[in-house]
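So the chains spell out like this:
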Amino acid sequence: MAGRINDDDVKAVRDAVPIDSVVSEYLQLRSAGGGNLKGLCPFHDEKSPSFQVSPGKGLFHCFGCQEGGDTIAFVMKIDHLSFSETVERLAAKAGITLRYEEGGYNPSHQRGERIRLIEAHQAAADFYVRALESPEAEIGRKFLAERGFDQDAATHFRVGYSPAGWDHLTRYLRGKGFSDKELITSGLSQDGRRGPIDRFRGRLMWPISDTAGEIVGFGARKLRDDDNGPKYLNTPETPIYKKSQVLYGIDLAKKDIAKASRAVVVEGYTDVMACHLAGVTTAIATCGTAFGNDHIKILRRLLMDNGSARVIFTFDGDSAGQKAALRAFEDDQKFAAETYIAIAPDNMDPCDLRLAKGDDAVRDLVEPRTPLFEFALRQIVGRYDLETPAGRAAALDEAAAVVAKIKTSSVQREVAVQLAGFVGILDQEFVVRRVAQLARWARAKGGDGRGDPRGGRGPGGPQDRRGGTPQQPVQTPAAPSGPALNLRSPAHRTERELLKLALQKPALVSPAFDAYGADEFTAPPYAAVRQCIAEAGGAERGLGDNREYLVAVMDAAPNNTVRSLVTELAVEVFMGRTIDETYAGMQLVHVRLRAVDRRIGEVQGSLARLGSNVAPDDLAAAQNEVWVLQQYAQSLRARGADAL
């Protein structure tokens, strides 16, 4: 096994890779004020952004699900990597060579599985790209040319060719140091009679990347009639490739999707190429599977679900395309974005349309035309004879069941009214009641009922997240376990502000803060954070390298609950408008004054309970303590922070 990564190298990686640049590879970030950024959390479904990133501190925190940490913690969580795998990936991004405490530099065969599989795919992509230039690949180059793609287009999308022999790639990757087990696990090779052989042979190859731009699989198109395989063959499910969680072209399209708040969903690799080359740079496609819930999650994080966001589907107008549209409509409410469908004349896909009518026709195609719900309902209704009462009744029964799945009552009613027009029923209220009845029955069966939103804890304390857009019910995760905080309590609010100052602006509270004991914080979670700061060297340590200080505080946390609270306090905005020495002094005084008043009450209460049973010396000592504390409290009230 490789040794532990050198601590100085881990710190260098943290400092070298900005957290906002890493997080931006997975979701859209916007200003949250105070130097922070916000976006939709990638770790749980939410309607409004509660996920915040603090570039200055190198931390993230979600006020909805309580996930938080530094750049390393984010990558570990989102890509399911070990600590060492994450540091190795970020080090490669930053060009940092890592040292290991046992055994010197890390040999390649000792690296984490995910990194090795990614490297194998990268090497395979390079191999396929070079193979496209070979004489054997003339058939592949001809295929591309016939569809309007020249060499520059192939280079831009890294299209390649897999040689027709049994093990060309397998032998090449073995020569690069990859083991047979790694090649089989990656899906690039498969078991043959005499050992591993290439999975893809004699095909045109498209690399499939994840949101971070790392190649995780391939799509392979059949070129020859004697190829008995399917028209398209994709990488099988592997530790790094899940077809329901990847979108072809997302690495190229993600920035423009976020910028334009628009995504165009097409059906194939060549359609993505045609759209991008025509100027529709927000086009993406699924990889051999229907557009589903995990794909929606990817797009929602990029679209940020603002009111102007749009998703446009370009399904073919044939029966398969119609079925795909109906499946998409089933998931429509999981978007807050408006959803549309665009069908080209003569049922051409974007690739054929570009060939026949040019780039302008492709750009015109994806301008929103028909709302997806309208298309889906018209497809259902169109299968029935609306000239007869029986036909209208049957059409209504099928379509109403679809409309009943809309969970927001106002939207459900509006679509039901439109359905009445599609079917030709003049009594709109009858259709509205029919839809509502079906919805009630579904909820009674537990099928499509509305879950009760649960309150989430955000920057301002406990709150009920019931805002949401009309297209999706609000769903917030359960509150984290641990002692409850009552932010209506002035004491808890002040303690929270003081801890935020100690973590975010330690210069304003040092050195006074480090003289405060954990017992001066009445909320147990806050006392735990105070203890973490003490174990990390105190707030005074934050006067130097603030990032290193925050990492030390998080490392001192006894469990994930406390660690999550540390990141929350480290990125949360302050309650006050002007955060200066005066503001900091007020928090210091209020926390200390309440602690003094509590101690006075405790001593006086003990004396009252003991009555005449207290010894004279103990009585005198207690009375003296009360007098000293009262004088200190009076001084704090009169002189403020100068009395600390």
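Residues numbered from 1 in each chain as written. Predicted model: local features only at pLDDT ≥ 70, side-chain atom pairs only at ≥ 80, totals over all residues. Heavy atoms only, no water.

K.L.:
Can you tell me about the overall build of the protein, naming the residues and giving the values?
P.N.:
On a plain count of helices and strands, the protein comes out with 25 helices and 18 strands. Within the protein, the proportion of its 644 residues that are buried is 50%. Relative to all contacts within the protein whose residues are 6 or more apart in sequence, the contacts with residues 24 or more apart total 67%. (Helix = DSSP H or I, 4+ residues; strand = E, 2+ residues; numbered from the N terminus. Buried < 20%, exposed > 50% of the residue type's maximum accessible area, 1.4 Å probe, protein only. Contact = heavy atoms within 4.5 Å.)

K.L.:
Give a description of the layout of surface pockets that names residues and reports values.
P.N.:
Size it by volume and the largest pocket reaches roughly 830 Å³. Residue lining of the largest pocket: 30 residues in total, with Ile78, Asp79, His80, Gln245 and Arg301 positioned closest to the centre. Breaking the lining of the largest pocket down by element, the ones donating at least two residues are helix H3 (71-79), helix H5 (113-131) and helix H12 (293-303). A class-by-class count of the residues in the lining of the largest pocket yields 13 nonpolar, five polar and twelve charged. (1 Å grid on protein atoms, 1.4 Å probe; cavity = no way out; pocket = protein on both sides within 12 Å on 5 of 7 lines; lining within 4 Å. Points joined across faces, edges and corners; volume = space filled by probe spheres on them. Nonpolar A, V, L, I, M, F, W, Y, C, P; charged D, E, K, R; others polar.)

K.L.:
With reference to specific residues and values, describe the packing of aromatic side chains.
P.N.:
Under the defined criterion, the tally for this structure stands at 16 aromatic pairs. Their ring planes at 80° and their centres at 5.5 Å tell us that phenylalanine 60 and phenylalanine 74 sit as a pair that is edge-to-face. Here phenylalanine 60, found in strand S4 (residues 59-62), pairs with phenylalanine 74, found in helix H3; they are 14 residues apart in sequence, far enough to count as distant. With respect to burial, phenylalanine 60 and phenylalanine 74 carry one shared label: buried. Every member of this aromatic cluster is reached through a ring pair, and the members are Tyr26, Phe43, Phe51, Phe60 and Phe74. (Phe/Tyr/Trp six-rings, centres within 6.5 Å; stacked < 30°, edge-to-face > 60°.)

K.L.:
Lay out the pattern of salt bridges with the relevant residues and their values.
P.N.:
Across all of its chains, the model carries 33 salt bridges by this definition. Between arginine 114 and aspartate 210 there is a salt bridge whose closest N-O contact spans 3.4 Å. Here arginine 114, found in helix H5, pairs with aspartate 210, found in the loop between strand S9 (203-209) and strand S10 (215-222); they are 96 residues apart in sequence, far enough to count as distant. The two residues arginine 114 and aspartate 210 agree in class, both being buried. A salt bridge links aspartate 397 to arginine 434; its shortest N-O distance comes to 3.3 Å. (Salt bridge = Lys/Arg side-chain N within 4 Å of Asp/Glu carboxyl O.)

K.L.:
How would you sum up the sheet that holds strand S11 (residues 232-234)? Please name residues and give values.
P.N.:
Ordered by their spatial adjacency, four strands build an open sheet running S6-S9-S10-S11, and the pairing between neighbours is antiparallel. Here the strands that pair on one side only, and so sit at the sheet edges, are strand S6 (160-162) and S11. Within this sheet the neighbouring strands show an average axis-to-axis angle of 35°, counted without direction. Of the strand pairs in this sheet, S10 and S11 are connected by three bridges, and their pairing is antiparallel. Within S11, the residue paired with glycine 219 across the bridge is asparagine 234. Together, S9, S10 and S11 form the strand contacts of helix H11 (residues 269-277), whose direction differs from that of S9 by roughly 70°. (Pairing = 2+ DSSP bridges. Axes fitted to C-alpha atoms, helices over the stretch in contact; angles between N-to-C directions.)

K.L.:
Lay out the packing of H3 against helix H4 (residues 83-94) in plain terms, naming residues and giving numbers.
P.N.:
Look at H3 against H4: their axes get within 9 Å of each other, and the N-to-C directions meet at 110°. Regarding the angle of H3 to H4, the classification is roughly perpendicular. In this structure, H3 meets H4 at a crossing whose hand is right-handed. Judged by residue contacts, Thr71, Ile72, Val75, Met76 and Asp79 of H3 engage Phe83, Thr86, Val87, Arg89 and Leu90 from H4. (Parallel < 35°, antiparallel > 145°, perpendicular 65-115°, else oblique. Left-handed = near helix turned anticlockwise from the far one by under 90°.)

K.L.:
Describe the side chain of arginine 262, with residues and values.
P.N.:
Structurally, arginine 262 is set in strand S12 (residues 262-266). Contact partners of arginine 262, with chain neighbours within four places excluded, come to Ile257, Val280, Thr282, Leu303, Arg310, Ile312, Val366, Glu367 and Pro368.

Treat this as a map of the structure, not an account of what it does.
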